[in-house]
Amino acid sequence: MAVTPQPNEAFLREVDEELRRDSAVQFWNRYGRLLIGAVVAGLVAFGGYLLWQNWREQQAGAIGTKLTKVYEQLGKGDVKGATAPLAEIAATSNEGYAVSARFIQADIALQKNDLKGAAKIFGAIAADGGVSPAFRNLALIRQTNAELDTLAPQAVIDRLKSLAVKDSPWLGSAGELVAVAHLQAGHKAAAAKIYGLMAADEAIPETLRSRAVQMAGTLGIDAIKDNGDTQR
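Since the structure is predicted, the reported quantities are computational estimates derived from the model, not experimental observations.

The rules we used
Residues numbered from 1 in each chain as written. Predicted model: local features only at pLDDT ≥ 70, side-chain atom pairs only at ≥ 80, totals over all residues. Heavy atoms only, no water. Helix = DSSP H or I, 4+ residues; strand = E, 2+ residues; numbered from the N terminus. Buried < 20%, exposed > 50% of the residue type's maximum accessible area, 1.4 Å probe, protein only. Contact = heavy atoms within 4.5 Å. Expected span 1.5 Å × (residues − 1). Arc of directions from axis to C-beta. Polar contact = N/O pair within 3.5 Å; in protein donor to acceptor, adjacent residues only side chain to side chain. Core = buried A, V, L, I, M, F, W, Y, C linked by side-chain atoms within 4.5 Å. Phe/Tyr/Trp six-rings, centres within 6.5 Å; stacked < 30°, edge-to-face > 60°. Axes fitted to C-alpha atoms, helices over the stretch in contact; angles between N-to-C directions. Left-handed = near helix turned anticlockwise from the far one by under 90°. Nonpolar A, V, L, I, M, F, W, Y, C, P; charged D, E, K, R; others polar. Salt bridge = Lys/Arg side-chain N within 4 Å of Asp/Glu carboxyl O.

**Regarding the overall build of the chain**
And then number 1: Across its full length, the chain carries ten helices and zero strands.
And then number 2: The order of α-helices and β-strands along the chain, N terminus first, is α-α-α-α-α-α-α-α-α-α.
And then number 3: Among the 232 residues that make up the chain, the fraction classed as buried is 28%.
And then number 4: Of all intrachain contacts in the chain linking residues separated by at least 6 positions in sequence, the fraction that spans at least 24 positions is 42%.

Printed below as a string of structure tokens:
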């Protein structure tokens, strides 16, 4: 009787390798061009991104240089000469420079005692959803300050109350406006509470804190001694 031959390991490995090569060839024939296309597209996209980033940096540098010249012009009192460059910068897509230019435009309006014009610019920044919250909050406070003589006390309170709270970075500037509005509305306890919060906040400038302590004192509260009570 014939004996069944034992499998040859070397032969099996050779067959396995051949199958692998065939599979690789078939895969390459089917997907090779797609892979090359994907790699090329990726390289083109990455190169485009680098070019775009470089262009943005160059643009930002040019805008920064222009803004520096504007500051120099304003420092020399040449408001007229700074007007057109400011408008150009304010219309750019670079948020930091554009918002800075808009704030300067509003400050120029304030220097001219054009409170309505300044408030309009600040209000537009505060309502601009494309601007970061920090800029919007600052613009809202400055808009309110510019309109303070024409706003009802409750309007000031409603507008800034979310900023005039404990641990808010805007407690100093917004808090004082809200506290004054509370006093005008006859809300002495509410005003005293805000002054107490301001007096206890070490992040607020010392002059503003001292004024808050004095105001709280006139309302019958020792802000230094009882600041823990005013914060509750």
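Back to the text.
**Things to note about helix H2 (residues 79-90)**
And then number 1: Taking 1.5 Å of rise per residue, twelve residues should cover 16 Å, and H2 covers 16 Å from first to last C-alpha, within 8% of that figure.
And then number 2: Burial in H2 covers these residues: Ala82, Pro85, Leu86 and Ile89. Burial along H2 is one-sided: seen end-on, the buried residues are contained in an arc of 110 degrees.

**Let's talk about the environment of glutamate 176**
And then number 1: Turning to its location among the elements, glutamate 176 is positioned in helix H7 (residues 171-184).
And then number 2: Glutamate 176 sits 19 residues away from tyrosine 195 along the chain, and the two C-alpha atoms are 7.5 Å apart.
And then number 3: Apart from residues no more than four positions distant in its own chain, glutamate 176 is found in contact with Leu171, Met198, Leu208 and Arg211.
And then number 4: Reaching out from glutamate 176, the side chain makes a polar contact with the side chain of arginine 211 at a distance of 2.7 Å.

**Some details on the nonpolar core**
And then number 1: Ile141, Leu160, Tyr195 and Met198 are the most contacted members of the largest nonpolar core, which totals 34 residues.
And then number 2: Counting residues per element, the ones that place at least two in this core are helix H3 (95-111), helix H4 (115-126), helix H5 (133-146), helix H6 (153-160), H7, helix H8 (188-200) and helix H9 (206-218).
And then number 3: When residues no more than four places from it in sequence are discounted, the contact partners of methionine 198 are Leu171, Gly172, Gly175, Glu176, Ile204, Leu208, Arg209 and Ala212.
And then number 4: One finds Leu67, Ile89, Ala101 and Ile104 within the second-largest nonpolar core, a separate group that totals nine residues.

**A short note on unusual backbone geometry**
And then number 1: For asparagine 113, which is not glycine, the phi dihedral falls at a positive 65 degrees.
And then number 2: Its location among the elements puts asparagine 113 in the loop between H3 and H4.
And then number 3: Its identity is not glycine, yet aspartate 167 carries a phi of approximately 70 degrees, on the positive side.

**Observations regarding the packing of aromatic side chains**
And then number 1: Applying the stated criterion across every chain, the model contains two aromatic pairs.
And then number 2: Measuring from centroid to centroid gives 5.8 Å for phenylalanine 103 and phenylalanine 122, while their planes differ by 50 degrees, and the two rings are tilted. Residue phenylalanine 103 is located in helix H3, and its partner phenylalanine 122 is located in helix H4; the two are separated by 19 residues in the primary sequence. Each member of the pair phenylalanine 103 and phenylalanine 122 is classed as buried.
And then number 3: Between the aromatic rings of phenylalanine 103 and phenylalanine 135, the centroid separation amounts to 6.4 Å while the plane-to-plane angle is 50 degrees, which identifies the pairing as tilted.

**Section: the packing of H5 against H7**
And then number 1: For the pair H5 and H7, interaxial distance at closest approach is 10 Å and the crossing angle is 35 degrees. Here H5 and H7 pass one another in a crossing that is left-handed. Contacts between H5 and H7 involve Ile141, Thr144 and Asn145 from the first element and Ser173, Ala174 and Leu177 from the second.
And then number 2: Residue composition of the contact of H5 with H7, grouped by class: three nonpolar, three polar and no charged.

**Regarding the side chain of histidine 182**
And then number 1: Mapped onto the secondary structure, histidine 182 falls in helix H7.
And then number 2: The residues contacting histidine 182, other than those within four sequence positions of it, are Ile157, His187, Ala190, Ala191 and Ile194.

**A word on the pattern of salt bridges**
And then number 1: Scanning the model with the defined rule gives five salt bridges in all.
And then number 2: Between glutamate 147 and arginine 159 there is a salt bridge whose closest N-O contact spans 2.9 Å. Linking glutamate 147 in the loop between H5 and H6 with arginine 159 in helix H6, this pair joins segments that are twelve residues apart in sequence.
And then number 3: Taking relative accessible area as the criterion, arginine 159 reaches 25% and is therefore assigned partly exposed.

**Quick word on the environment of lysine 120**
And then number 1: Within the secondary structure layout, lysine 120 lies in helix H4.
And then number 2: Between the C-alpha atom of lysine 120 and that of alanine 146, which follows or precedes it by 26 residues, the distance is 9.5 Å.

**Considering the environment of alanine 109**
And then number 1: Mapped onto the fold, alanine 109 is located in helix H3.
And then number 2: Between the C-alpha atoms of alanine 109 and lysine 120, which are eleven residues apart in sequence, the distance is 10.0 Å.
And then number 3: If we ignore the near neighbours within four places in the chain, the residues touching alanine 109 are Asp114, Gly117 and Ala118.

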